[in-house]
Amino acid sequence: MRDLFFSECRRYRRPALIFFVAHLMLLVLFGRVNDPLAQAWLVQAVILGAYALGGLGFALHQIGSYRQPGRWLWLMHRPLPRSAIFGAITVASATMIALAVGVPLLLAVLGTEWFSERTVDLRHYVMVAYVVMIVIMAWLTGAAIMLGASRCAVLVVALPWVMLMHESTAIALLAMCVPCLVLMAAVVYTSFQPNRAKAPATGIATMLAALPLVLGLYLLAPGGVQFAVQLGAMTAGMHPQQMLQPPADSDSDLRLLDSRDVLRRGLQSAASGEARADRWRSELARVTPQKIMPGWIGYALPQQLSNKNMPRGKINDNQLFSFNHDTMRFDLTDLRTGVATASVGPGGPRDTTGFPAVPALTGKMMLPHAMLDIDTRTLTFATLATLPANEIFMVRPVVAVDTAYAVSNQRLIAYRTAGSQAPYQELYSVPLDGPLSDMARIDVARLSDGVLASFTGGRDRSHGAANAGRQTLVFVAADGKRHTIATREIKPDYPPLLDQIDWWMSPVLEAVTALPARILPGTASADHLAAPLMPQRSGQIWTAAVLSNLLAATGAWLWRRRALRQPGHAIGAGWLPACLVFGLPCLAAMMIMYPHRSASRAPAKATAQQVVAV
């Protein structure tokens, strides 16, 4: 094993050294013109994808060279156990990746901390190990593709995607990399055998080979169906979002309307029976309603790996504010000299404490339970509004004249503003009509005798949220009392069977793929906006789920029954309950792993290769 390890290292030492030097030079050049550690999450994702492609290409070349007829048997027929051959090649490849990718990245982070005043956190050092493990997993993905008996082996990429592509802390994601790496190595090992076309013999090997296939088919099938339906609607000119006049009272129609028309539609509801409706409609023409839902605030976690909504920006034209996750304070840097001038906490530069959470800059400085404003002259923060411990500011505040509107995870709150640094005074609040994750828009208009507030749902139809697709109009009188004026249903753009196809196709796989996001530490928005594990579903959706799973089990029984009539097709009986639990993706994986038409030709082809090699 040691000789094979050193042999593989010697084989790729020159390309690895060339990659090492080129990689380090690119990092130094990028660091001179920009701050690589402070790039937005989208740039980070592109760079991570480039690293992963490098690992994938490495595996395609390395394993592809062994995959040639004769060379594969020459490799596998060494006087070594199969595990030793696999381990030597994998460890040698991981060593080359750590040298060419990890060491330059580590040198770049160390150089940034030692020779500049830029902010460097613990998460940046963890990021180096995370990138190395992602590249190793990309190498394993390439190896699985090259060794797989079917072209569908490319679906192995679903495994790291489901387990690792989440917004979480750097330590948590790095810890999640370890079981993912072990699973990926085990999946590749199932194909690392002399006859690559032979199906796995043991139950555990079958489960490991089927796992990425089932996950990949589950992620591919619902999205593919929805894409095909939308593409067909666009081709036929019937896509709701492309129509000049979408169907009345539909999701697309509500999306195009301005706030005044949304409130008018609510007042026109026949169920309102409100005597003041005509007067309010005439007043709406003379006021300026406000739309309160441009988007949700995404709070970052302490030591979060990605830079989404990173609190960083210029103040006073020549000073840079950067949030330091180690100290939970802002680092202030002079842009003219590049020298760090201060560290700013909640009480200003002299306050030695840190912020309780990572702030989000949305015009105001938002913390989960507080809204702050910064005095750029004294570098101190003024508290404008606070919330109790069970509420979180979830929407960017909107200020109109002397009123500021904010939305928590429970209610719409209106504040009276008295000045840029003065605390806000709460005027009234209206509980949300349904979960915030389902709110498509909130519109508010101030009238002569009170305030009209409209809550429109329908954003979370795919998760089967309760009361999805309903507009509720609430009137708040001058004394703060509120009552519901009207409610009406909003039609969905697509039928529920299409909106919720990812659930009824396999409820168990839907829960399994959502499990890593629920286990990993998540942002405040993910915790409070996520749908429950078993949301409310209609009888139609439940019927579709039951029929889908029964169809999968029946198909598996027929496929296995046909295979039993032919010798050499050992399809275990465990596939039947597996298809009953996991549904149609499991049936499709079984049909890919045990193809009837080519099953008789695969062993013959492998035997022919062995004969040629001898």
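Treat the numbers as computed from the prediction; the structure is a model and nothing was measured.

Caption draft 1: Expanded view of the packing of aromatic side chains. Following the criterion strictly, the structure yields 14 aromatic pairs and no others. Arranged with centres 5.6 Å apart and planes meeting at 85°, the rings of Phe-330 and Phe-355 form a pair that is edge-to-face. Taken as a pair, Phe-330 in strand E4 (residues 329–334) and Phe-355 in the loop between strand E5 (340–344) and strand E6 (360–362) lie far apart in primary sequence, 25 residues in all. Judged by relative accessible area, Phe-330 falls into the buried class, the value being 0%. Accessibility expressed as a relative area gives 4% for Phe-355, which makes it buried. One residue, Arg-11, lies across the ring of Tyr-66, its end atom 5.1 Å from the ring centre. Its end group placed over the ring of Tyr-189, Arg-82 keeps NZ or CZ at 4.3 Å from the ring centre.

Caption draft 2: Region of the structure containing the pairing of strand E9 (residues 380–386). For strand E8 (residues 370–375) and E9, the ladder comprises six bridges, and the chain directions are antiparallel. Residue pairing in the sheet places Leu-372 in a bridge with Thr-383 of E9.

Caption draft 3: Helix H5 (residues 122–147), seen in detail. Between the first and last C-alpha of H5 there are 38 Å, a value that for 26 residues agrees with the 38 Å anticipated at 1.5 Å per step. Counting buried positions over the 26 residues of H5 gives 22, a clear majority of the element.

Caption draft 4: Quick look at the UniProt feature "transmembrane region" (unreviewed entry) in the chain. Sequence positions flagged by UniProt for "transmembrane region" (unreviewed entry) are, in local numbering, residues 12–30, 42–63, 84–110, 122–140, 170–189, 201–221, 541–559 and 571–594. Taken as a whole, residues 84–110 contains 100% helix and 0% strand, while its terminal C-alpha atoms sit 36 Å from one another. As annotated, residues 170–189 comprises 100% helix and 0% strand, and the C-alpha atoms at either end are separated by 28 Å.

Caption draft 5: Layout of the pattern of salt bridges. Scanning the model with the defined rule gives 18 salt bridges in all. Where Arg-281 meets Asp-278, a salt bridge forms, and the shortest distance between an N and an O atom there is 2.2 Å. Of this pair, Arg-281 and Asp-278 both sit in helix H11 (residues 277–284), three residues apart, which is roughly one turn of the helix. For Arg-281, a relative accessible area of 23% corresponds to the partly exposed category. For Asp-278, a relative accessible area of 52% translates into the label exposed. Between Arg-441 and Asp-443 there is a salt bridge, with the nearest N and O atoms lying 3.0 Å from each other. Under the relative-accessibility criterion, Arg-441 is labelled buried at 4%.

Caption draft 6: Region of the structure containing the sheet that holds strand E12 (residues 411–416). Read across the sheet, four strands follow the order E10-E11-E12-E13 without closing on themselves; strand pairing throughout is antiparallel. Unpaired on one side and paired on the other, strand E10 (393–400) and strand E13 (425–431) mark the two borders of the sheet. Put simply, the sheet's adjacent strands are angled 20° from each other on average, direction ignored. Where E10 meets strand E11 (residues 403–408), five bridges bridge the pair, whose relative direction is antiparallel. Residue pairing in the sheet places Ala-400 in a bridge with Thr-403 of E11.

Caption draft 7: The environment of Arg-482, seen in detail. Within the secondary structure, Arg-482 sits in strand E17 (residues 482–489). Residues Arg-482 and Ser-429 lie 53 residues apart in sequence; the distance between their C-alpha atoms is 9.0 Å. Those residues in contact with Arg-482, other than ones at most four positions away along the chain, are Ser-429, Val-430, Pro-431, Val-474, Phe-475 and Val-476. Among the polar contacts made by the side chain of Arg-482, one reaches the main-chain carbonyl oxygen of Ser-429 at a distance of 3.2 Å.

Caption draft 8: Quick look at the state of the cysteines. Inspection of every chain in the model, using the stated rule, returns zero disulfides. Summary of cysteine pairing: Cys-180 is not part of a disulfide, and the nearest cysteine sulfur, belonging to Cys-177, is at 6.8 Å. Look at Cys-180 and you get buried, because its relative accessible area is 0%.

Thresholds applied
- Residues numbered from 1 in each chain as written.
- Predicted model: local features only at pLDDT ≥ 70, side-chain atom pairs only at ≥ 80, totals over all residues.
- Heavy atoms only, no water.
- Phe/Tyr/Trp six-rings, centres within 6.5 Å; stacked < 30°, edge-to-face > 60°.
- Helix = DSSP H or I, 4+ residues; strand = E, 2+ residues; numbered from the N terminus.
- Buried < 20%, exposed > 50% of the residue type's maximum accessible area, 1.4 Å probe, protein only.
- Lys NZ or Arg CZ within 6 Å of the ring centre and 35° of its normal.
- Pairing = 2+ DSSP bridges.
- Expected span 1.5 Å × (residues − 1).
- UniProt positions renumbered as here; feature names shortened; annotations may be inferred.
- Salt bridge = Lys/Arg side-chain N within 4 Å of Asp/Glu carboxyl O.
- Axes fitted to C-alpha atoms, helices over the stretch in contact; angles between N-to-C directions.
- Contact = heavy atoms within 4.5 Å.
- Polar contact = N/O pair within 3.5 Å; in protein donor to acceptor, adjacent residues only side chain to side chain.
- Disulfide = S-S within 2.5 Å.

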